[in-house]
Amino acid sequence: MKSFLQHFFHKERALLLLSLLASGLVFFRIFYLQEGDIESYSTLRTWPRLRFLFLGWNLILAWVPLGLLYLLPYIPRKRWIQGGILAAWLLFFPNAPYLMTDLIHLRVRPGIPLWFDALLLFTFAYLGLVLGIRALEGLRSYLREHYSNRWANSFTISTLLLSGLGIYLGRVLRWNSWDALLHPQGPILDTLALVHSPLQNGEAWLMILLFTLVFSTIYWSQRGQFRKTF
């Protein structure tokens with residue numbers, strides 16, 4: 001475990017520092033900047049300055065696939081264990097590019113400079129993109145080394161195709177990664193409904209395809225920078 005943590009912190013220190021900076025922006029917004037009339041809100045739950053605390057949780061989820069990737073070399077090479085890790089990796093992977101969609105929260109708010117919220121949300125969106133690219137390219141390299149090039153490419157393409165679906169299920173239908181374990185019938189039925197009635201879900205498919213296309217293009221254009229990361 002010590003060597004795992006040392007390797008992880010050594011390789012990812014820059015992204016960890018950026019994550020701390022992004023979290024610092026959220027706390028700066030909470031404790032220094034004031035949004036609206038605080039006295040008009042009766043509970044901390046509706047206190048507007050706490051609005052962007054969810055970004056911290058989303059960022060933690062975005063780190064999970066990369067953390068699982070670093071864990072792979074330290075676990076037994078038994079097929080069922082490796083398969084479980086890969087399944088968990090695939091389940092949590094959309095949380096990384098999902099951070100791009102948090103840009104929809106950008107709007108003018110009383111007491112908060114628009115440029116500050118733009119910088120805050122952009123930083124988290126950038127982290128999501130980089131974490132997703134690093135996690136996917138790192139896993140592709142691992143699969144090529146320990147299994148086969150064909151298997152690695154197939155898993156990579158499948159992940160890219162499913163990323164848009166995962167973003168849609170999370171952003172629009174509000175399903176979380178753990179819902180696939182706790183309430184699997186919900187995400188499965190919603191996905192089957194999309195497949196069964198594509199014409200009735202045209203906007204949904206447009207969102208899925210465009211997010212898949214954009215993230216895939218960004219990944220293929222930037223993945224060369226991460227080939228020797230792991």
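(A) The arrangement of the side chain of Gln82 in detail. Here Gln82 lies in helix α4 (residues 79-92). There is a polar contact of 3.1 Å between the side chain of Gln82 and the side chain of Tyr142. Not counting the four nearest positions on each side in its chain, Gln82 is found in contact with Leu72, Ile75, Pro76, Arg77, Tyr142 and Tyr147.

(B) The arrangement of the packing of aromatic side chains in detail. Taken as a whole and judged by the stated rule, the model has 16 aromatic pairs. Consider the rings of Trp89 and Phe93, whose centres lie 4.9 Å apart with planes at 25 degrees: the pair is stacked. Exposure remark for Trp89: the relative accessible area of 1% places this residue in the buried category. By relative accessible area, Phe93 is classed as buried at 1%. Both rings, one in Trp151 and one in Phe155, keep their centres 5.8 Å apart while their planes meet at 15 degrees; by these two values the pair is stacked. Pair noted here: Trp151 and Phe155 are both in helix α7 (residues 149-171), with a separation of 4 residues, about one helical turn. Residue Trp151 is classed as partly exposed on the basis of its relative accessible area of 42%.

(C) Up close: the side chain of Thr159. By secondary structure assignment, the location of Thr159 is in helix α7. Setting aside residues no more than four positions away along its own chain, Thr159 makes contact with Trp89, Leu90, Phe93 and Leu136.

(D) Main features of the packing of α7 against helix α9 (residues 185-196). Two elements in contact, α7 and α9, have axes separated by 11 Å at closest approach and are oriented at 115 degrees. Of the two elements, α7 crosses α9, and the hand of that crossing is right-handed. Residues Leu165, Tyr168 and Leu169 of α7 form the contact with α9, whose participating residues are Asp190, Thr191 and Leu194. Within the contact of α7 with α9, the residues separate by chemical class into 4 nonpolar, 1 polar and 1 charged.

Rules used in this analysis
- Residues numbered from 1 in each chain as written.
- Predicted model: local features only at pLDDT ≥ 70, side-chain atom pairs only at ≥ 80, totals over all residues.
- Heavy atoms only, no water.
- Helix = DSSP H or I, 4+ residues; strand = E, 2+ residues; numbered from the N terminus.
- Polar contact = N/O pair within 3.5 Å; in protein donor to acceptor, adjacent residues only side chain to side chain.
- Contact = heavy atoms within 4.5 Å.
- Phe/Tyr/Trp six-rings, centres within 6.5 Å; stacked < 30°, edge-to-face > 60°.
- Buried < 20%, exposed > 50% of the residue type's maximum accessible area, 1.4 Å probe, protein only.
- Axes fitted to C-alpha atoms, helices over the stretch in contact; angles between N-to-C directions.
- Left-handed = near helix turned anticlockwise from the far one by under 90°.
- Nonpolar A, V, L, I, M, F, W, Y, C, P; charged D, E, K, R; others polar.

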